[in-house]
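The lines below spell out each chain.
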Amino acid sequence: MKVWRFTVSGEERTSSDIWHYHKEVEFILVEQGIHEIQTPNHTYVLQAGDVMVIGSSQLHRGRKLSDKDLSYIVLHIDFQPYFDPAMMMYYRHFLEILHPLETLNYIFQENEAVRNGMAKIISDTHDEVWDKRKGYEIAVSMHIKHLLLLLLRHDTREMLTSQAHVDADVDVIRALITYVDDHLTEKIDMVVASQIAGMSYSYFSKYFKKKMGSSFTDYVNQKRISKAERLLVTENRSVNEIAESVGIENMAHFYELFKRFNGCTPKQYLRKMHGMDDSL
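By convention here, each chain's residues receive numbers from 1 onward along its written sequence. Local features in this predicted model are restricted to residues of pLDDT 70 or higher, and side-chain atom pairs are both shown and tallied only at a pLDDT of 80 or more, whereas totals for entire chains, interfaces and linings draw on every residue. Only hydrogens and water are set aside; all other atoms, that is, all heavy atoms of the structure, feed into the side-chain values.

Engineer: So what exactly am I meant to see when it comes to helix α9 (residues 251–262) here?
Structural biologist: For α9, which comprises twelve residues, the first-to-last C-alpha distance of 16 Å matches the rise-based estimate of 16 Å (1.5 Å per residue) to within 8%. In protein, a polar contact requires one atom able to donate a hydrogen and another able to accept it; more generally it is a pair of N or O atoms within 3.5 Å, and residues adjacent in sequence count only if both atoms are side-chain atoms. Put simply, DSSP H or I for four residues or longer makes a helix, DSSP E for two residues or longer makes a strand, and each gets a number counted from the N terminus. Of the residues that open α9, the one with a side-chain oxygen 3.0 Å from the backbone nitrogen of alanine 252 is asparagine 250. Of the residues flanking the end of α9, it is glycine 263, one or two places downstream, whose phi is positive at about 75°. A helix is expected to span 1.5 Å for every residue after the first.

Engineer: Whenever I open this one, the layout of surface pockets confuses me. Can you help?
Structural biologist: Where empty space is left in the structure can be found by rolling a water-sized probe over the atoms. Using protein atoms alone on a 1 Å grid, points that fit a 1.4 Å probe yet trap it form a cavity, whereas open point sets bounded by protein on both sides within 12 Å along at least five of seven lines form a pocket; residues with an atom within 4 Å of a point count as lining. Grid points are joined across faces, edges and corners, and a volume is the space filled by probe spheres set on the points. By volume, the largest pocket is sized at about 1500 Å³. As for the largest pocket, its lining consists of 47 residues, and the residues nearest its centre are Ser56, Ser57, Glu96, Lys223 and Arg230. Every element with two or more residues in the lining of the largest pocket is listed here: α1 (105–110), α4 (170–182), α7 (216–234), α9 and α10 (266–277). When its volume is computed, the second largest pocket comes out at roughly 200 Å³. The wall of the second largest pocket is formed by 13 residues, among which Ile188, Thr217, Val220, Asn221 and Arg224 lie closest to the centre. Broken down by element, the residue count for the lining of the second largest pocket peaks at five residues, all from α7.

Engineer: Would you mind going over helix α3 (residues 136–154) with me for this structure?
Structural biologist: Residues spaced three or four apart along an α-helix face the same direction, because each turn holds 3.6 residues. Here α3 contains 19 residues, and its C-alpha end-to-end distance of 27 Å stays within 8% of the 27 Å for a straight helix at 1.5 Å per residue. When α3 is considered as a whole, its buried residues turn out to be Ala139, Val140, His143, Ile144, Leu147, Leu148, Leu150 and Leu151. Residue contacts follow a heavy-atom distance rule, with two residues in contact if any of their heavy atoms lie within 4.5 Å. Looking at the buried side of α3, the elements it contacts are β2 (25–32), β7 (70–77), α1 and α2 (112–131). For every residue, the accessible area (1.4 Å probe, protein chains only) is compared with the maximum for its type, and the residue is labelled buried under 20%, exposed over 50%, or partly exposed between those bounds.

Engineer: Would you explain the sheet that holds strand β3 (residues 35–38) in this entry?
Structural biologist: Backbone hydrogen bonds hold the strands of a sheet together, and the pairing may be parallel or antiparallel. Strands are treated as partners if at least two bridges between them are detected by DSSP. The three strands are arranged β4-β3-β6 in an open sheet whose pairing can be described as antiparallel. For this open sheet the edge positions go to β4 (43–46) and β6 (61–64), each flanked by a neighbour on one side alone. Each strand axis lies, on average, 20° off the axis of its neighbour in the sheet, ignoring direction. Two elements, β3 and β6, share four bridges in a ladder whose sense is antiparallel. Counted as the bridge partner of glutamate 36 is arginine 63 from β6. Between N-to-C directions, angles span 0 to 180 degrees; the directions come from axes that are lines fitted to C-alpha atoms, helices contributing only their stretch in contact.

Engineer: I tried to follow the packing of aromatic side chains on my own but got confused; where do I start?
Structural biologist: Each aromatic ring pair is characterised by the separation of its centres together with the angle its planes make. Here a Phe, Tyr or Trp ring, Trp counted by its six-membered ring, pairs with any other such ring whose centre lies within 6.5 Å, and the pair is stacked when the planes are under 30 degrees apart, edge-to-face when over 60, and tilted otherwise. All told, the structure shown has 14 aromatic pairs when counted by the stated rule. Each ring, one from phenylalanine 79 and one from phenylalanine 94, has its centre 5.5 Å from the other, and the planes form 65°; the classification is edge-to-face. In this pair, phenylalanine 79 sits in the loop between β7 and α1 while phenylalanine 94 sits in the loop between β7 and α1, placing the two residues 15 residues apart along the sequence. Each of the two residues, phenylalanine 79 as well as phenylalanine 94, counts as buried. Their ring planes at 80° and their centres at 6.1 Å tell us that phenylalanine 254 and tyrosine 255 sit as a pair that is edge-to-face. Among the residues examined, phenylalanine 254 registers a relative accessible area of 0% and is labelled buried. In this structure tyrosine 255 comes out as partly exposed when scored by relative accessible area, which is 31%. A network of ring pairs unites the aromatic residues Phe27, Phe79, Phe83, Tyr91 and Phe94 as a single cluster.

Below, the structure is given as structure tokens:
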């Protein structure tokens, strides 16, 4: 877990005004000024007291909207270390299998009490980390668990519940997700995946679709294309190079998959993202 407070004064630009991503989930609390955050499909305008969440490895960027000073706190969290045995049954809700945690921002927009509670958690976590008083590690762990509880209890649209089937085997799912993430640039074999899950090939195919809501092949393809999206926007590489780097050597197949998940070609996707650049 990492946490920083940033202050941008006067006409100075924010340091995050280019598209970027990181593996950790990000929470932002604006303390002063107006901060605009863009993701590929949404634009958020945050004022003092507003908070938002950005999913793991999700493209985003931000900028200061007014000439006044901007102050905000950024909290990066890898949730896994905070799930002790008593909490492990809830780990599956935060795996971002079907969609990024960005979908939870409606909670902060609709519920002022939760927004204020989350703001206090982010601020208190920052102070604990930077002050490093005796026992601050315990305090930080308590704050993060409280953060998770707020999201779980106030997700009235059940976006978290839909991340995976309610009785999914957490250890199996986590091992499979790790295998896919670690081998995206290589051939991913469903035989190996079924062995990791400790199941026969035929049973694994049915198991995965029931628990995850999609076939194993579709899940892998979605992960590959998500990575391709990030590389297209953040690296100066050809479409061919990017396709190969996400484990897809057949370009016709890559274009087919990209259009299936995005509704457009890679070049159209880039034009869309560059079109958003014009707003900066």
